[in-house]
Amino acid sequence: MTPYVGQAIRRKEDPRMISGRANYTDDISLPGMLHAAIVRSPEAHAAIVSIDKSAAEQRSGVVAVLTGEDMAPDFASGLPMAWDPPGVDINVPDHWPLKRGEVKHVGDPVAVVVAVDRYLAVDAAEDVIVEYDPKPVVVDPEAALEDGAPLVWEQFGTNKTHEWAVGGGDVAAALEAADVVVEQRVPNHRTSGAPIEPRAAIGEPRAESLTLYSTTQIPHIARLLLAGMLDMPEDKLRVIAPDVGGGFGAKLQVYGEEALVLALARRLGRAVKWTESRSEHMTTSHHGRDQIAYVTLGAKRDGTLTGLKVRIVADLGAYMQLLTPFIPELGFPVMGGCYRFDAIDVHFTGVFTNKMCTDAIRGAGRPEATYWIELTMDKLARELDMDPLELRRRNFIPKEEFPFETKLGIVYDSGDYHGSLDRLLENFDIEGFRREQAELREKGIHRGVGFSTWVEVCGLAPSRAVGPQGVGLQAAFWESAMVRVHPSGSATVYTGTSPHGQGLDTSFAQIAADRLGIDPENVDVLHGDTDQGPWGWGTYGSRSLSVGGEAVAKAAEKVQAKAKRICAALLEASPDDIELADGRFQVRGSPDKAKTMAEIAFAAHVPPQELPAEIEPGLEENSFYDPENFVFPFGAHACIVDVDVETGKVQVVRYVAVDDCGPAINPMLIDGQVHGGIVHAIGQALYEQIVYDEDGQLVTGTFVDYALPTAAEVPSFETDRTETPSPVNSLGVKGIGEAGTIAATPAVTAAVIDALQPFGVEWLDMPHTPMRVWNAIHGHGHGNGHGPPSLGEHGMGSAGSGPSSPDEGGAP
Amino acid sequence: MSSAVSVHVSVNGEAREAEVDPRLLLVHWLRDELGLTGTHVGCDTTNCGACTVHLNGESVKSCTVLAVQADGAEVTTIEGMSGPDGLHPLQAAFREKHGLQCGFCTPGMIMAAADLLNRNPDPTEEEVRHGLEGNLCRCTGYHNIVQAVLTAAESEVRA
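Note that the structure is predicted; figures quoted are calculated from it, not measured. (Residues numbered from 1 in each chain as written. Chains lettered and ligands numbered in written order. Predicted model: local features only at pLDDT ≥ 70, side-chain atom pairs only at ≥ 80, totals over all residues. Heavy atoms only, no water.)

### Describing the overall build of chain A
Link 1 in the chain: Across its full length, chain A carries 19 helices and 28 strands.
Link 2 in the chain: The C-alpha atoms of chain A give 27 Å as radius of gyration, which agrees with the globular expectation for 812 residues (28 Å, within 12%).
Link 3 in the chain: Viewed in the frame of its principal axes, chain A has a C-alpha envelope of about 85 × 75 × 50 Å.
Link 4 in the chain: Counting over 812 residues, chain A shows a buried share of 67%.
Link 5 in the chain: If you take every contact in chain A between residues at least 6 apart in sequence, the share linking residues at least 24 apart comes to 80%.
Link 6 in the chain: Only carbon and sulfur atoms are counted for the fraction: they give 49% of the accessible area of chain A, which is about 26,200 Å².
Link 7 in the chain: The averaged location of the 115 negative side-chain charges in chain A is 4 Å from the averaged location of its 67 positive side-chain charges. (Helix = DSSP H or I, 4+ residues; strand = E, 2+ residues; numbered from the N terminus. Rg over C-alpha atoms; globule rule 2.2 N^0.38 Å. Buried < 20%, exposed > 50% of the residue type's maximum accessible area, 1.4 Å probe, protein only. Contact = heavy atoms within 4.5 Å. Areas by Shrake-Rupley, 256 points an atom, 1.4 Å probe, with all protein chains shown as cover. Lys, Arg positive; Asp, Glu negative; His and termini not counted. Charge placed at Lys NZ, Arg CZ, Asp CG, Glu CD.)

Shown next, in the form of structure tokens:
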């Protein structure tokens, strides 16, 4: 029988979702449920002078109007931040669900209105009159570091949040030894996760306990931390993540609104629902990226890399959320990419600005790291007058050298970078392309190709590496699974991961089914409820399969071992002689002597005969799996674009992706993840940007201004895979959820630069909007943000979320 | 608050009547009062299309239609797409081609695609892509959604 693992089995999740019978948080309606609306600051930085609740309170149907001061007794502590790096102090301000005293960014919550219906709650929120005394605003992270800049938090005396550094080898000597040194300022602008499902949360009181329904990627972590905030025992709080409509990191968070609906439910004794509007999502669901890297890359004349030095300024916004200061650093294990160096030195500076916090968005630190290394490699290739792919090949860590310890002390588990690039070029004829490109240029069509040969770090994470004993996250990152075989032989798998589109109901069923000798149709995968199954760390960082899936495999193998012992007893054979083959537990060499899982499971619950005393009744097992190392997926992507030089419009016309995430559990799901990741990255490269003006006002507060790609903007994709198993886990898997997002932005940018070579364009900052591209073609501003101002365009020169200097119209 | 207005609407073939606030959006009437939660809300600005339903056989974004505007009309939601013979060909094709991940945009996407195929039963890939540009998906990169719509069109055209 063919194993279920490896097959493109159709998803178990789909029937409810295609028929409108899924159950998302906002679909849930509870008896007597009230609705909350939040009064938010229109100011980027201001003192709250007064709040007049009277008009709101007088509306019929309004149950409560509460300010930050009113709710101070409800919270024992503010919103948590989980990183405490050894030897480094991070400035962490108070962060209450409703603000007291001052607001620090547009959208900061100052009061909440609870009413019997959602329309009424919104009406009443508009009746709350808040008087603000505006204070100076700072939106550009580099300006924020200058002397005399307005302070976001006066108590720290600086806008610097922290510094952190990592390195290996003597980078000064390595750059000294280089024949060629290239330098590049690489902004990576602020973006929104923008899952199509906005966030929502319902607090429900039940006698002594509370239940939270939430659009979260991390129900167990949320329960632990929210119980602390609410000063209640963890066991009295149940967190349920029902169907969750996409996360992309934006729901890897503990949000103030979650704490708020719980506190309100506790206060009012009634269920309280809050559902985010899209404008609230753009304003107050955490943002991603927003950093500026200053990259220095050295090489010998023959292209051999010597040293890499990077200085990163990361705009963290006004507060610290769960992982805010750590996200820029999360890319550090793969800083250096697929390449050998004699020395690497990376330094991070975090900065407060009067903007929403940044935190993890799909890729989280790794897209930024991949972006600057890949594009600086291209720049180096131009400097050396060398084919950029030849430069890469010359510096790839060779397949034979894995596991490979980098200069940063990180051990890449596996890799075959030459193999994935070779496979890419089997799918994409580069010489043919160059001929076509030359012909098209004759006709005025400017086509370009960009490559990205990338590696990411997934499988978050070996706890000893990232926990308190490692880089200092106050958490561990093992994952759990419980596999329960029912008396009839069907099974339920409980996972501590919390999928929200990844298809784990299906892929985990495939993993369990092979080990249990049953059909995946008969394996139900449950998750997202802290009252069901073991504790777990949730879904993010492409970790679910390589950590959570491995836990499922291990738990299922324990069940299989017990099933063999029961089978052996039933067949009066030795357990060592029982094998699972063709969906049956049989005596090796005597396939006529066999039992099905259904027969064994029934015997485990209702023994037909006396079983050996050491075999406990029942058939379920737990596993808690903490990986020994990270895993390092990799691949090679090529993006082909056409640039309309009359208008500056960029169109992606072809995209070829070769990914290596180890052996496929379900290749259909892998392709789906790659497609989605690529479009997320194309969105950042060409269209999407969170923009604040110099007063800290959010300019891109809706989907009208924040342009997600539609079907009409992108092509179909050509995907292929190589399979290099990871030695870290028994499945050999490495993760695929973020691959496209990590790989594709540099490929798109490189393609645009390639297309514009006849115009001498050497660099372009994202997003490659028509105006920015047109300006670059026509010599206005060189695309690097240091040219003359571009009227009507926001954000050139900074990480793209605020003007960077006075000559660009920025704040004085 | 203005006084309630009575509406009579055929929803998925069933006659429904209600007294509604004149400002009540069709999507909130469907979701909150009729319990048809398959129609979703993803934005405030008629961009995302998660709320797409059929009004008298044509796709509309139900976040931009007042319930009172549907008075006398026929409304079809995702819950009304499966018939006695089982799934609508588009529903089947979305599953077959992995045209959904988190599933949140899916009902609106299917309703928009159904209207597209009603108007153009045998579209090219380009026509499908432009026909769906009013519906946003953050998960799939659209590749498999487009494949699903083309597959459904093929099965319908053959049938």
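### A short note on the confidence of the model for chain B
Link 1 in the chain: Averaged over every residue, the pLDDT of chain B is 96; the share at 70 or more is 97%.
Link 2 in the chain: In the model output, the complex is listed with pTM 0.96 alongside ipTM 0.98. (pLDDT = per-residue confidence, 0-100.)

### Quick notes on the domain arrangement of chain B
Residues and elements named next belong to chain B.
Link 1 in the chain: Each assigned domain of chain B is listed here: domain 1 (5–80) and domain 2 (89–158).
Link 2 in the chain: Across the boundary between the two partners, domain 1 contributes 18 residues, which contact 14 residues of domain 2.
Link 3 in the chain: Among the residues of domain 1 in contact with domain 2, His40, His54 and Ile78 are the three that bury the most area, contributing 40% of the side total.
Link 4 in the chain: Put simply, domain 1 and domain 2 have zero salt bridges between them.
Link 5 in the chain: Inspection of the region where domain 1 meets domain 2 yields seven residue pairs in polar contact (both at pLDDT 80 or more).
Link 6 in the chain: Those elements that provide at least two residues to the side of domain 1 that touches domain 2 are β3 (52–55) and β4 (58–61).
Link 7 in the chain: Taken together, the residues that form the side of domain 1 that touches domain 2 break down as five nonpolar, eleven polar and two charged. (Domains from an automatic or database assignment. Buried area = accessible area lost by both parts, 1.4 Å probe. Salt bridge = Lys/Arg side-chain N within 4 Å of Asp/Glu carboxyl O. Polar contact = N/O pair within 3.5 Å; in protein donor to acceptor, adjacent residues only side chain to side chain. Nonpolar A, V, L, I, M, F, W, Y, C, P; charged D, E, K, R; others polar.)

### Focus on the packing of aromatic side chains
Residue and element names in this part refer to chain A.
Link 1 in the chain: A full pass over the atoms with the stated rule returns 22 aromatic pairs over all chains.
Link 2 in the chain: Taking 5.8 Å as the distance between ring centres and 50° as the angle between the ring planes, the aromatic pair formed by tryptophan 164 and phenylalanine 348 counts as tilted. In this pair, tryptophan 164 is assigned in strand β7 (residues 160–168) and phenylalanine 348 in strand β15 (residues 343–352), connecting sequence segments 184 residues apart.
Link 3 in the chain: With 6.0 Å between their ring centres and 80° between their planes, tyrosine 655 and phenylalanine 717 make a pair best called edge-to-face. Here tyrosine 655 is found in strand β27 (residues 649–660), whereas its partner phenylalanine 717 is found in the loop between α17 (667–687) and β28 (718–721), with 62 residues between them in sequence. Neither residue differs from the other here; tyrosine 655 and phenylalanine 717 are each classed as buried.
Link 4 in the chain: The structure contains a cluster of three or more aromatic residues connected by ring pairs, namely Phe477, Trp478, Trp535, Trp537, Tyr540 and Phe624. (Phe/Tyr/Trp six-rings, centres within 6.5 Å; stacked < 30°, edge-to-face > 60°.)

### Some thoughts on the environment of A:Glu557
Residue and element names in this part refer to chain A.
Link 1 in the chain: For glutamate 557, the position within the fold is in helix α15 (residues 544–571).
Link 2 in the chain: Look at glutamate 557 and you get partly exposed, because its relative accessible area is 34%.
Link 3 in the chain: Remark: the alpha-carbon pair of glutamate 557 and valine 483, spanning 74 residues in sequence, is separated by 9.4 Å.

### Quick word on the sheet that holds strand β4 (residues 102–103) of chain A
By way of backbone hydrogen bonds, the strands of a sheet pair with one another, either parallel or antiparallel.
All names here are of chain A.
Link 1 in the chain: The strand order across the open sheet formed by three strands is β4-β2-β6, and the pairing between neighbours is antiparallel. Each edge of the open sheet carries a strand with a single partner, namely β4 and β6 (129–134).
Link 2 in the chain: Direction of pairing for strand β2 (residues 46–52) relative to β4: antiparallel, over a ladder of two bridges. Across the sheet, alanine 46 pairs through a bridge with valine 103, a residue of β4. (Pairing = 2+ DSSP bridges.)

### Focus on the domain arrangement of chain A
Residues and elements named next belong to chain A.
Link 1 in the chain: What the domain assignment lists for chain A is domain 1 (17–135 + 196–246 + 251–284), domain 2 (165–191 + 287–460 + 629–777) and domain 3 (478–625).
Link 2 in the chain: Here domain 2 and domain 3 have C-alpha centroids that lie 40 Å from each other.
Link 3 in the chain: Each partner contributes to the interface: domain 2 provides 20 residues, whereas domain 3 provides 18 residues.
Link 4 in the chain: Surface buried jointly by domain 2 and domain 3 totals about 1,300 Å² across both partners, of which 56% is contributed by carbon and sulfur atoms.

### Description of the sheet that holds strand β12 (residues 272–275) of chain A
Residue and element names in this part refer to chain A.
Link 1 in the chain: Read from one edge to the other, the open sheet built from seven strands follows the order β3-β5-β1-β12-β9-β10-β11, with strand pairing classed as mixed. Two strands in the sheet have a free side with no partner beyond their single neighbour: β3 (62–67) and β11 (237–240). In this sheet, neighbouring strand axes are inclined to one another by 20° on average, regardless of whether the strands run parallel or antiparallel.
Link 2 in the chain: When strand β9 (residues 200–206) meets strand β10 (residues 209–214), the two strands line up antiparallel, connected through six bridges. Looking across to β10, one finds that alanine 201 is bridged to serine 214.
Link 3 in the chain: Relative to the sheet, helix α7 (residues 256–268) contacts β1 (34–40), β3, β5 (109–115), β9, β10, β11 and β12, its axis offset from that of β9 by approximately 30°. (Axes fitted to C-alpha atoms, helices over the stretch in contact; angles between N-to-C directions.)

### Digging into the interface of chain B and chain A
Link 1 in the chain: Counting residues at the interface gives 48 residues for chain B, matched by 56 residues for chain A.
Link 2 in the chain: Across the chain B to chain A interface the summed buried area is about 4,300 Å²; carbon plus sulfur atoms make up 54%.
Link 3 in the chain: Scanning the region where chain B abuts chain A turns up six salt bridges.
Link 4 in the chain: Note that B:Arg23 and A:Asp123 form a salt bridge whose closest N and O atoms lie 2.7 Å from each other.
Link 5 in the chain: Scanning the region where chain B abuts chain A turns up 31 residue pairs in polar contact (both at pLDDT 80 or more).
Link 6 in the chain: Of all the secondary-structure elements, those providing two or more residues to the side of chain B that touches chain A are α1 (26–33), α2 (89–96), α3 (106–119), α4 (125–131) and α5 (143–158) of chain B.
Link 7 in the chain: Of all the elements, α2(B) adds the most residues to the side of chain B that touches chain A, at four residues.
Link 8 in the chain: For the side of chain B that touches chain A, the per-class residue count stands at 19 nonpolar, 18 polar and eleven charged.

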